[in-house]
Amino acid sequence: MLALAGYTCKRYLQAPFVHATVIELSFKISVPYRSEEIIMSISKLVKSKRWIPHLVLGVSIVMTVLAAVFASVLVALVLPASNTFAASNSGAIGADAARHLLSRTGFSTAETEIAKLAILTRQEAVAKVVVPADESALLPRPAWLDEKPLTQKSLAEKTREAQENYRKVNNEWTMELRDWWVGNMLQTETPLAEKMTLFWHNHFATSQQKVRIAHLVYAQNSLFRKQALGNFGTLLRELSRDPAMLIYLDSVNSKKEAPNENFAREVMELFSLGEGNYTEKDIKEAARAFTGWSVDRENGKYMFRRGAHDFGKKTIFGKTGNFDGDQVIDLILARPEAAQFITRKLWREFVSPTPDESEVKRLAIVLQNSGYDLSKLMVAMLSSDAFFAADNRGVLIKSPVEFVIGMVKTFNVKPPNVRPFVLQIALLGQNLFLPPNVKGWPGGEVWINSASLLNRKQMLDRLFGSEDRMESVMASMDALAEMNGDKLPSKDARMARRMERTMGGVHMNLPAVAKTFARPDGDAAMRRVVLPIAPVNAPRVVNTLNAKSDPMAASAAVNAVTAPSATGLGEEQALLALRHLVNDPTYQLK
Amino acid sequence: MNNANSISSRRQFLRGASGFVAAGLGSALIVPAWAQEATSNAVAAAGTPRGGNYQNILILIELKGANDGLNTVVPYTDPKYAEIRPKIALKPDQLLKISDKEGLHPSLAPLMALWEQKELAIVQGIGYPKPNQSHFRSIEIWDTASNSDDYLDAGWLARTFRSAPVPAKFAADGVVVGSNDMGPLSGLGVRAIALADTAQFLRNAKLARPNQDTRNAALRHLLNVENEIVHAAGKLNANYVFKTEFPKTGFGYQVRTAAQLVASKAGTAVVRLTLGGFDTHAGQLGTQANLLKELSEGVVALKAAMEELNMWNNTLVMTYAEFGRRAKGNDSAGTDHGTANVHFLTGGKVAGGLYGQPPQLNNLDGNGNLPFAVDFRSLYATIIDQWWKADSQVVLGAKFAHLPVLKT
């Protein structure tokens, strides 16, 4: 009987129309679905010392199983053979796995995208997403990139005004670069390459606030895109000569007599090995090896200052030689810890917050044996059972970029230009080209605190709620500012206000989106598009009349109206259901 | 069980049935959580569930990036000072003398009133053994109050509130203003909210709603945050209109938000503010001068606002940072990561004066770094035991000597 229950739990996962809560709870016991495994886990629990909670858990598992059996009988009796996304190709991954792969490697989880991958085998689907960027397909780059960079040294006059202008112009250019990048994320056919570009921007975090020169910001971004799924060794070597990085980590003036340790430290701590895999002495010695790696202050290009370089003997990781920077990187890459460090970080980005160490070791060997070929690693990681495991779905929090771009692409939002989205992403805590420090955005749970979650919900409310609400929000903001006599509100508040204005032109044809789900299997299809796992909020029946005036009541009311009829969702029901689902906490997950 | 209006379709019938399943499972799965909770609470209760005088508020100011202490409180009579900082040493005649050996950075002029009223405690030589010089690791050590080679998950304030809980009627255990990083308020389900602006928070809070429990860590985090928002929004307001003028700077705005929190009487034990940009590896002089000006003007406004609310005697303000900067200046007219540092405490109950140990410039280590004299956890112990009447030994896992910075 236990075996039967396990089987039915699995079956639930595939039944698209089963009540949300059942799907979620079935998830929780879907891993040990064979009877021996359930018995083993129960006996382990009994043996453990903290028996009180576990006894209860044990009882709960039994109850779960019984309940699942009961429900499964209902399914079997009432709803035979309705697996709407059973694939025709026997090895096909199916719609749910396709959705999972898309949410992790791309931006859109629209039905059309899901359909394209669902019919493929795992290997085919992964091969379809692990594709480098096609440079010819990028948006035209800003024209000023063809002119000379505006460096401090290139200023004709050294007046205060000239200095301020130098900052202002470079800041505005950087803003245009954000538009350009976000524009590329929106239109790209190779979203994983853009996501990896962003991954490297975060990994090798460099802030324009210190670098200033927009041309250098662009050059670094191009390097990340070129090596996004390329070779990690090449990336690290080119990075050690990247002018933006050299300025950001104070290498420009690093010379034999006074080596600056900043770059050498971060190369080991943050870029390749992680703390505990090197000594303070290794850092000091490596700093000597990188002396002379500098930037021409006039044109902002990399230059090697021979006179500043320390050609002497260094001892790093117990090896002695007249090492230069490239050789330090070779010494680093020769160590398995480096491959493991990168693998672990990519695991956290693409698979789960808790790396499986045996899998990390296996994948790191793939990376190291391939000479640090990143696409080989990504193919191996994304094809793994761990990647597709039920327990690893919906366990990562969307970054602001994923949240905004994902919403725009999935729901076909049409903006007059991309600037509102650039500002929105910044407001949510991920101002591109301006990471908080050299460690980048901490990500994960740190993306979500009371302030950022409310900002996310406000954006959802703006797009999915009724239109007149936005006006009233703006009016109350301004009234409040006046009341408080604010001349200078916080940077966040100013940005929020600016965003409110710019978002004015952004519209989504909500009825049209909803209409696509007004069909017999619309309920399940919509849930798959919008959420990675079952929604949290339990159904509540409220007076649907309130729904007109209060969007929150509307989202609560949706369960009353989505009670499906024989013909599936109606248009009005679909619209309310959509509002309900995007407001569910699980919408923040991928 | 689900309240289905009519069982007119197969699927609705199924909803009703699955509602039953959910109810059975839901309660069963939640039990282990509270059972464990109950166990750990029992353990805590068996220990020393002490005090928690949270009428006293702590306002922390993080000087992010690590302020250069040696140019903040300058040992101007020590000839070694100018010698090791040829590019950035401040001249004695620029300084605000507070003793025959120490002078404050000129940008701290607004703080001189506090110093003269004996409400400003200056603690020199703060650090910890085996100092770490990574920003991230070292602030983690400060935030979790760990040893240099221990890794703890929860912040020192989260542990304090676990051992001596903040009253449930308070809007939040702690509020973080102007940062997305919870720092010492991380972990153990501490009720912490982050906000930039109270009024905006309240408007937006209407979009959150209370939720239940889950096993998925990311989802659990989301649900916790939603619950905190709902709870805090019920308590906060932005109605008080201050006579105090707040500086029109980013930090001044944070101070205003902090003051508004206190004015709303919603209740919170801690407010953490952040002033960033102190990582002055190059061209330090101008940057630090601007930042210290912003800091000291903000602190003075904070005092005025708290006095206006008659809360200054219940307010303790303390600065902190990940480490100090290297005593020896670098070639880029800046300073690299160092060790010991100086920090400030102020408040109506602070016993003003100099504490700790002045910089031992003749006793630098091989890297040109200062030795420390006061473990930063002594400050935490003083706050936990004397300000909040809780038990620092339970929180910190060891006994740290108190500093006599509070009037008794």
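Treat the numbers as computed from the prediction; the structure is a model and nothing was measured.

A. Local environment of the overall build of chain A. Counting its secondary structure elements, chain A contains 30 helices and four strands. Looking at chain A residue by residue over its 590 residues, the buried ones come to 52%. Residue pairs in contact within chain A that sit at least 24 positions apart in sequence constitute 72% of those at least 6 positions apart.

B. Spotlight on the overall build of chain B. On a plain count of helices and strands, chain B comes out with eleven helices and twelve strands. Relative to its 408 residues, chain B shows a buried fraction of 54%. Looking at chain B alone, contacts between residues at least 24 apart form 71% of all its contacts between residues at least 6 apart.

C. Molecular detail of the nonpolar core. Residues A:Ala98, A:Met381, A:Leu578, B:Ile59, B:Val123, B:Ala258 and B:Leu302 are the most contacted members of the largest nonpolar core, which totals 255 residues. With nine residues, the top contributor of residues to this core is helix H9 (residues 284-308) of chain B. In this structure, A:Leu578 is in contact with A:Phe464, A:Val513, A:Ala514 and A:Met526, ignoring residues within four places of it in sequence.

D. Seen up close, the packing of helix H27 (residues 522-530) of chain A against helix H30 (residues 571-582) of chain A. All names here are of chain A. Across the interface, H27 lies against H30 with an axial gap of 10 Å and an inter-helix angle of 30°. Judged by the angle between their axes, H27 and H30 are roughly parallel. Crossing hand, H27 versus H30: right-handed. Contacts from Gly522, Met526, Arg527 and Val530 of H27 reach H30 at Ala574, Ala577, Leu578, Leu581 and Val582. In the contact of H27 with H30, the residues fall into seven nonpolar, one polar and one charged.

E. Quick look at the pairing of strand E9 (residues 315-320) of chain B. All names here are of chain B. Taken across its six residues, E9 has six buried, putting it largely inside the fold. Across the two faces of E9 the burial is the same, with Thr315, Val317 and Thr319 and Leu316, Met318 and Tyr320 all buried. Judged from the six bridges that link them, strand E1 (residues 57-63) and E9 form a sheet pairing that is parallel. Considered in E9, the bridge of leucine 58 is made with leucine 316. Direction of pairing for E9 relative to strand E10 (residues 341-346): antiparallel, over a ladder of two bridges. Its bridge partner being in E10, methionine 318 is matched across the sheet by leucine 345.

F. A look at the confidence of the model for chain B. Overall, the prediction assigns chain B a mean pLDDT of 85, with 85% of residues at 70 or greater. Counting interchain partners and residues more than four positions distant, the pLDDT-below-50 stretch residues 1-49 of chain B has 76 contacts.

G. Geometry of the sheet that holds strand E2 (residues 73-75) of chain B. Residue and element names in this part refer to chain B. With antiparallel pairing, three strands are arranged side by side in an open sheet as E2-E4-E3. Taken across any chain shown, the strands that pair with only one partner, and hence form the sheet edges, are E2 and strand E3 (96-97). Two strands pair when backbone bridges link them, and E2 and strand E4 (residues 102-104) are joined in this way by three bridges, in the antiparallel orientation. If you follow valine 74 over to E4, its bridge partner there is glycine 103.

H. Main features of unusual backbone geometry. Phi angles above zero are rare outside glycine, and A:Asp250 is one such case at about 60°. With respect to the helices and strands, A:Asp250 occurs in the loop between helix H13 (243-248) and helix H14 (262-272). Positive phi is not limited to glycine here, since B:Lys265 has a value of about 50°. Since 13 C-beta atoms lie within 10 Å of it, B:Lys265 is described here as partly exposed.

I. View of the packing of helix H8 (residues 160-187) of chain A against helix H22 (residues 419-427) of chain A. All names here are of chain A. As a packed pair, H8 and H22 sit with axes 9 Å apart at the nearest point and diverge in direction by 100°. Accordingly, the angle class assigned to the pair H8 and H22 is roughly perpendicular. When H8 is examined against H22, the residues Arg178, Asp179 and Val182 are found in contact with a partner set consisting of Arg419, Phe421, Val422 and Ile425. Class assignment for the residues of the contact of H8 with H22 results in four nonpolar, no polar and three charged.

J. Main features of the environment of B:Ala145. For B:Ala145, the position within the fold is in the loop between helix H4 (135-144) and helix H5 (156-163). When neighbours within four sequence positions are excluded, B:Ala145 is seen to be in contact with B:Trp156, B:Arg377, B:Tyr380 and B:Leu396.

K. Representation of H14(A) in the model. Residues and elements named next belong to chain A. For H14, the tally of buried residues reaches eleven of eleven residues, placing the bulk of the element in the interior. Burial in H14 covers these residues: Asn262, Phe263, Ala264, Arg265, Glu266, Val267, Met268, Glu269, Leu270, Phe271 and Ser272. Looking one or two places after H14, you find glycine 274, whose phi comes out positive at around 90°.

L. Seen up close, helix H6 (residues 111-118) of chain A. Residue and element names in this part refer to chain A. The complete set of buried residues in H6 reads Glu113, Ile114, Leu117 and Ala118. Taken end-on, H6 shows its buried residues confined to a sector of 130°, consistent with a single buried face. Residues Thr112 and Ala115 are exposed on H6 and point more than 90 degrees away from its buried face.

M. Geometry of the environment of B:Asn341. Residue and element names in this part refer to chain B. Relative to the helices and strands, asparagine 341 is located in strand E10. By C-beta crowding, asparagine 341 is classed as buried, having 29 other C-beta atoms within 10 Å. Once the C-alpha coordinates of asparagine 341 and phenylalanine 323 are considered, the two residues, 18 residues apart in sequence, prove to be 6.4 Å apart. Setting aside anything within four residues of it in sequence, one finds asparagine 341 in contact with Gly69, Ile126, Gly127, Ala321, Phe323 and Gly324.

N. The environment of A:Leu569, seen in detail. All names here are of chain A. Mapped onto the secondary structure, leucine 569 falls in the loop between helix H29 (551-561) and H30. A residue is classified by how many C-beta atoms lie within 10 Å of it, and leucine 569, with 27 of them, is buried. It is 9.6 Å that separates the C-alpha atoms of leucine 569 and alanine 514, two residues lying 55 residues apart in sequence.

O. Here's a closer look at the confidence of the model for chain A. Residue and element names in this part refer to chain A. The predicted model of chain A averages 80 in pLDDT, with 73% of residues at 70 or higher. Here residues 74-88 is modelled with pLDDT under 50, and outside its nearest four sequence neighbours on either side it reaches 23 contacts, counting other chains as well. Below a pLDDT of 50 lies the segment residues 538-564, which in the model reaches 47 contacts outside its immediate sequence neighbourhood of four places, other chains included.

Thresholds applied
Residues numbered from 1 in each chain as written. Chains lettered and ligands numbered in written order. Predicted model: local features only at pLDDT ≥ 70, side-chain atom pairs only at ≥ 80, totals over all residues. Helix = DSSP H or I, 4+ residues; strand = E, 2+ residues; numbered from the N terminus. Buried ≥ 20, exposed ≤ 12 C-beta atoms within 10 Å, placed from the backbone. Contact = placed C-beta atoms within 7 Å. Core = buried A, V, L, I, M, F, W, Y, C linked by C-beta atoms within 7 Å. Axes fitted to C-alpha atoms, helices over the stretch in contact; angles between N-to-C directions. Parallel < 35°, antiparallel > 145°, perpendicular 65-115°, else oblique. Left-handed = near helix turned anticlockwise from the far one by under 90°. Nonpolar A, V, L, I, M, F, W, Y, C, P; charged D, E, K, R; others polar. Pairing = 2+ DSSP bridges. pLDDT = per-residue confidence, 0-100. Arc of directions from axis to C-beta.

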